[in-house]
Amino acid sequence: MNKVCATWYPTIFPEKCDGCSRFNEPRCVKFCPHGVYSLINGKAVVANPQNCIYGCTACESICPKKAILFPQRGSFGQTFRRDKCLLKRVKCEGCGKIFLTNEDTNLCLDCKKKLGY
Ligand code: SF4
Ligand code: SF4
Ligand SMILES: [Zn+2]
């Protein structure tokens, strides 16, 4: 399994994210012009971390739940930074497509949606 170091992309804390139910739409998904986010089962996920623009933090402030963080910010320390910096190239067990993720998963987002995860 190859590891790709992407230096800049957000992380979402699922326990904080409410899919912007307050506004009836996921603000980050609508906001990011590079398609970094996607909504799955009412929560935003970082679907395309490799599309995030280096140095951009525009979406951080639009989240009403403060659920979006960048590795260089916040109080996470070295372990967080090192681990979250590693994107893996994974072959999807469902459809066989290659995708990038920083999560421990063998299913692409499309297959997760299909299977109702
Ligand atoms: S803006 Fe924040 S609360 Fe809304 S969907 Fe995105 S991460 Fe979740
Ligand atoms: S930092 Fe910018 S490019 Fe990256 S996800 Fe947010 S809005 Fe999109
Ligand atoms: Zn798949």
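Remember, it's a predicted structure, so these values are computed and weren't measured experimentally.

Here is what the cut-offs are and how they apply
Starting afresh in each chain, residues are numbered from 1 along the sequence in its written order. For this description, chains carry letters from A and ligands carry numbers from 1, given in the order in which they are written. A pLDDT threshold of at least 70 governs which residues receive local features in this predicted model, and a stricter bar of 80 or more applies before side-chain atom pairs are shown or counted, although totals over entire chains, interfaces and linings include all residues. Values of pLDDT, which run from 0 to 100, indicate the predictor's confidence residue by residue. Put simply, DSSP marks the helices as runs of H or I at least four residues long and the strands as runs of E at least two long, and each gets a number from the N terminus on. Contacts here follow a simple rule: the backbone-placed C-beta atoms of the two residues must lie within 7 Å. Here, a strand pair is defined by DSSP locating no fewer than two bridges between the strands. With C-beta atoms placed from the backbone, a residue is labelled by how many other C-beta atoms lie within 10 Å of its own: buried for 20 or more, exposed for 12 or fewer, partly exposed between the two. Using a C-beta atom placed from the backbone for every residue, we mark a residue as near a molecule or strand if that atom lies within 6 Å of it. Gly is placed with the polar residues, together with every amino acid not listed as nonpolar (Ala, Val, Leu, Ile, Met, Phe, Trp, Tyr, Cys and Pro) or charged (Asp, Glu, Lys and Arg).

Describing the confidence of the model for the chain
Right, so step 1: Per-residue confidence for the chain averages 83 on the pLDDT scale, and 80% of its residues sit at or above 70.
Right, so step 2: Mean pLDDT values over the elements of the chain span from 47, in helix α2 (residues 77–84), up to 97, in helix α1 (residues 27–31).
Right, so step 3: Every residue in residues 73–82 scores below 50 in pLDDT, and together they form four contacts with partners more than four places removed in sequence or on other chains.

Quick look at the pairing of strand β3 (residues 37–40)
Right, so step 1: Judged from the four bridges that link them, β3 and strand β4 (residues 43–46) form a sheet pairing that is antiparallel. Directly across from I40, in β4, lies its bridge partner K43.
Right, so step 2: Counting the residues that bridge the hairpin from β3 to β4 gives two residues, and of these N41 lies at a positive phi of roughly 50 degrees.

Some points on the environment of E93
Right, so step 1: By the secondary structure assignment, E93 is in the loop between β6 (86–91) and β7 (98–101).
Right, so step 2: Since 11 C-beta atoms lie within 10 Å of it, E93 is described here as exposed.
Right, so step 3: When the C-alpha positions of E93 and C111 are compared, they lie 8.8 Å apart, and in sequence the two are 18 residues distant.
Right, so step 4: Ignoring any residue separated from it by four or fewer positions in sequence, one finds E93 in contact with N106 and L107.

Examining the site of ligand 2
Right, so step 1: For ligand 2, the full set of nearby residues is P10, C32, H34, V36, C52, I53, C56, T57, A58 and C59.
Right, so step 2: Its residues placed into classes, the shell around ligand 2 shows eight nonpolar, two polar and no charged.

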